[in-house]
Amino acid sequence: MSENVNIDDRYVVGVDFGTLSGRALVVRVRDGAELGTAVCEYPHGVISESLPATGEQLPPDWALQDPDDYREVLRRAVPAAMQDAGIDPAAVVGIGIDFTASTPLPTLADGTPLCEIPALRGRPHAYVKLWKHHAAQAQADRITALAHERREPWIGRYGGKISSEWQFAKGLQLLEEDPELYGLADRFIEAADWIVWQLCGQETRNVGTAGYKGIYVDGAYPDADYLAALNPAFTGFVAKLEHPQSPFGARAGGLTAAAAAWTGLPEGIAVAIGNVDALVTAPAAQATDPGSLVLIMGTSTCHVMNGAALADVPGMCGVVEGGITDGCWGFEAGQSGVGDIFAWYVDHAVPAEYHERARAAGLSTHELLTALAAGQAAGEHGLVALDWWSGNRSVLVDHNLSGIIAGLTLATRPPDIYRALLEATAFGTRVIIEAFEAAGVPVTELVIAGGLTRNRLLMQIYADVTRRSLNLIGSAQGPALGSAIHAAVAAGCYPDVPAAAAAMGSRADTAYRPQPDAADVYDALYAEYLALHDHFGRGGSELLHRLRSIRNAAHARGTAIPELAVTS
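In this numbering scheme, every chain counts its residues from 1 along its sequence in written order. At least 70 in pLDDT is required for a residue's local features to be given in this predicted model, at least 80 for side-chain atom pairs to be given and counted, and no such filter applies to totals for whole chains, interfaces and linings, which use all residues. Water and hydrogen atoms play no part in the side-chain values, which are based on all heavy atoms of the structure.

Participant: Explain the packing of helix α13 (residues 365-374) against helix α14 (residues 414-438) residue by residue, including any values.
Facilitator: Close contact between α13 and α14 brings their axes to 9 Å; oriented N to C, the two are set at 90 degrees. Classed by the angle they form, the pair α13 and α14 counts as roughly perpendicular. Together, His366, Leu369, Thr370, Leu372, Ala373 and Ala374 of α13 and Pro414, Pro415, Tyr418 and Arg419 of α14 make up the contact between the two elements. Of the residues belonging to the contact of α13 with α14, the class tally is seven nonpolar, two polar and one charged. To get an axis, a line is fitted to the C-alpha atoms, and for a helix only the part in contact is used. The angle between two axes follows their N-to-C directions and goes from 0 to 180 degrees. Only DSSP runs of H or I with at least four residues qualify as helices, and only runs of E with at least two residues qualify as strands; both kinds are numbered from the N terminus onward. In this scheme, roughly parallel covers angles under 35 degrees and roughly antiparallel covers those over 145, while 65 to 115 is roughly perpendicular and the rest are oblique. Every residue pair with non-hydrogen atoms within 4.5 Å of one another is taken to be in contact. Polarity classes work like this: nonpolar for Ala, Val, Leu, Ile, Met, Phe, Trp, Tyr, Cys and Pro, charged for Asp, Glu, Lys and Arg, and polar for all others, with Gly in that last group.

Structure, rendered in structure tokens:
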């Protein structure tokens, strides 16, 4: 079909499934105009403390979700977005989705999640394992060590390490901790592909999650000999994954009658192949040229970029041919905690007086701390932090690491710590940029997307720390817009994703430029950050691993604080 044919009065829907909620966005195909939106919070949120069905306490580092929460987004957010847009549903020609990753779940052969079988509701491993489920670190370490021992050729594509966030680590944990459930699982599938299954009635697998999260390299998964060496019972794992891989922008099928009833959209419209929240954002930001590094900044940060040639970059999340757009090599890196770190500090460590001051001023506590921190000069607080509250995704790929703040004194105040945490995440991004360039993958521009773009201080700090200008995406809903762009391609409105991105994507006029004086100070602070980073992350000290082991052992014992005996 020729470009832009019959698109003047056509619309598409993009649905972004995030960590805590799902957002639907109605977009005009002709120019990317965003006409209506709605958000649905997941009823069960992130299940990290206890199973709702039984109240059973979960071990440390678990993060589960209930898959019916995803259907609820289709039932509630899509109709609400359509109502907000005020358009005739008959004019909608396609729907696309993106998801966090790796967020897999075990299912029966027909796609029924194991956790929806009544007898299995009380089994933690029957649920979706969210991307930030980090309880499979031991399995990830074994997968990595064995790959190097056997000189597996695919390990280089993943920067030399396999993450606990990914499919094989989570699948091996399932096998070793609940082998009965592992045997019941006919399929082990990313939520991105599962929700598309719910929409169009047939299983598909997208090239991105398979390549970045599933060790699918050059048309093959790890072989049976390797899997047997990990665990003899693990040789059948690939059979739970295998399915033809589909490129981004392809049509997965037509919307089923059941899904049409949920969403209020016409039956039979195009359903795009599932995608990843970070990967869809690059087209939305018109950043598909090689060297354009897109940072999607929210609870975590994903760094994605097209490259002209294949290269192995130490500590990256992977490189996949066609992993962002056809014709390029898609690189991915990331930081597993960014906005989550700022939220942790505000929710659990900031004194009540700051919350009260914020309320009195009509601000959020984040806004108050940002304003106070912005009044400081770079380096004034005398602190440096390691941004490892959720471990380190890139470049160390170690989720048993934990955060550090150095330089605290009795004079340290909450705005000092808040600013140090903002800076720490910027230092982590600089490590990633330098790793790309050291491996011969040039970074020519930075494009920022995600909710944290609203924090002007944070944006300026990133510009100063990296000594690079920051360009911002034009949409506040980058992933949902990216999913809508892919829906337009799946519906045949554009010949490919770059063509759709050129018409429907956008950049903001705002840009942040580095300030030389602040950048000089940050060079000095970054050197201290690197010293801590390498000491605690590259074997100089195993302190953080020992602390994690002590904590895990205490949880395993079920140790409780004894009731104090009080005498009068």
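Participant: Run through the packing of aromatic side chains, naming residues and quoting values.
Facilitator: Aromatic pairing here means that ring centres of Phe, Tyr or Trp (its six-membered ring) are within 6.5 Å. Orientation follows from the plane angle: under 30 degrees is stacked, over 60 is edge-to-face, and everything else is tilted. Following the criterion strictly, the structure yields 21 aromatic pairs and no others. Grouped by ring-pair contacts, the aromatic residues Phe168, Tyr182, Phe188, Tyr216, Tyr221, Phe234 and Phe237 constitute a single cluster. Across from the ring centre of tyrosine 182, 4.4 Å away, lies the NZ or CZ of lysine 240, which sits over that ring. Each ring is checked for a lysine NZ or an arginine CZ that lies within 6 Å of its centre and within 35 degrees of its normal; such an atom marks a charge sitting over the ring.

Participant: Outline the packing of α14 against helix α15 (residues 456-466), listing residues and values.
Facilitator: Two numbers describe how α14 lies on α15: the axes approach to 9 Å, and their chain directions differ by 45 degrees. In this view, α14 runs oblique relative to α15, as classed from their interaxial angle. Judged by the sense of rotation from one axis to the other, the crossing of α14 with α15 is right-handed. Across the interface between the two elements, Arg419, Leu422, Glu423, Thr425, Ala426, Phe427, Thr429, Arg430 and Ile433 from α14 touch Leu457, Leu458, Ile461, Tyr462, Val465 and Thr466 from α15. When grouped by side-chain class, the residues that make up the contact of α14 with α15 number nine nonpolar, three polar and three charged. Helix crossings fall into two classes, left-handed where the near helix is turned counterclockwise from the far one by less than a right angle and right-handed where it is turned clockwise.

Participant: Kindly report on helix α3 (residues 167-177), identifying the contributing residues and their values.
Facilitator: Throughout this description, buried means an accessible area under 20% of the type-specific maximum (1.4 Å probe, protein chains only), exposed means over 50%, and partly exposed covers the range between. Buried residues dominate α3, accounting for nine of its 11 residues. By the burial criterion, the buried members of α3 are Gln167, Phe168, Ala169, Lys170, Gly171, Leu172, Gln173, Leu174 and Leu175.

Participant: Outline the sheet that holds strand β14 (residues 292-297), supporting the account with residue identities and numerical values.
Facilitator: By this definition, two strands are paired if DSSP reports at least two bridges between them. The seven strands are arranged β16-β17-β15-β14-β20-β21-β22 in an open sheet whose pairing can be described as mixed. Looking at strand neighbours, the two that pair on one side only are β16 (318-321) and β22 (507-512), the edges of this open sheet. Geometrically, the sheet is characterised by an average inter-axis angle of 25 degrees between neighbouring strands, direction not taken into account. Pairing of strand β20 (residues 445-449) with strand β21 (residues 470-473), which is carried by three bridges, proceeds in the parallel orientation. What sits directly across from leucine 446, in β21, is leucine 470. Helix-sheet contacts for α14 involve β14, β15 (301-307), β17 (329-335) and β20, and the interaxial angle to β17 is about 150 degrees.

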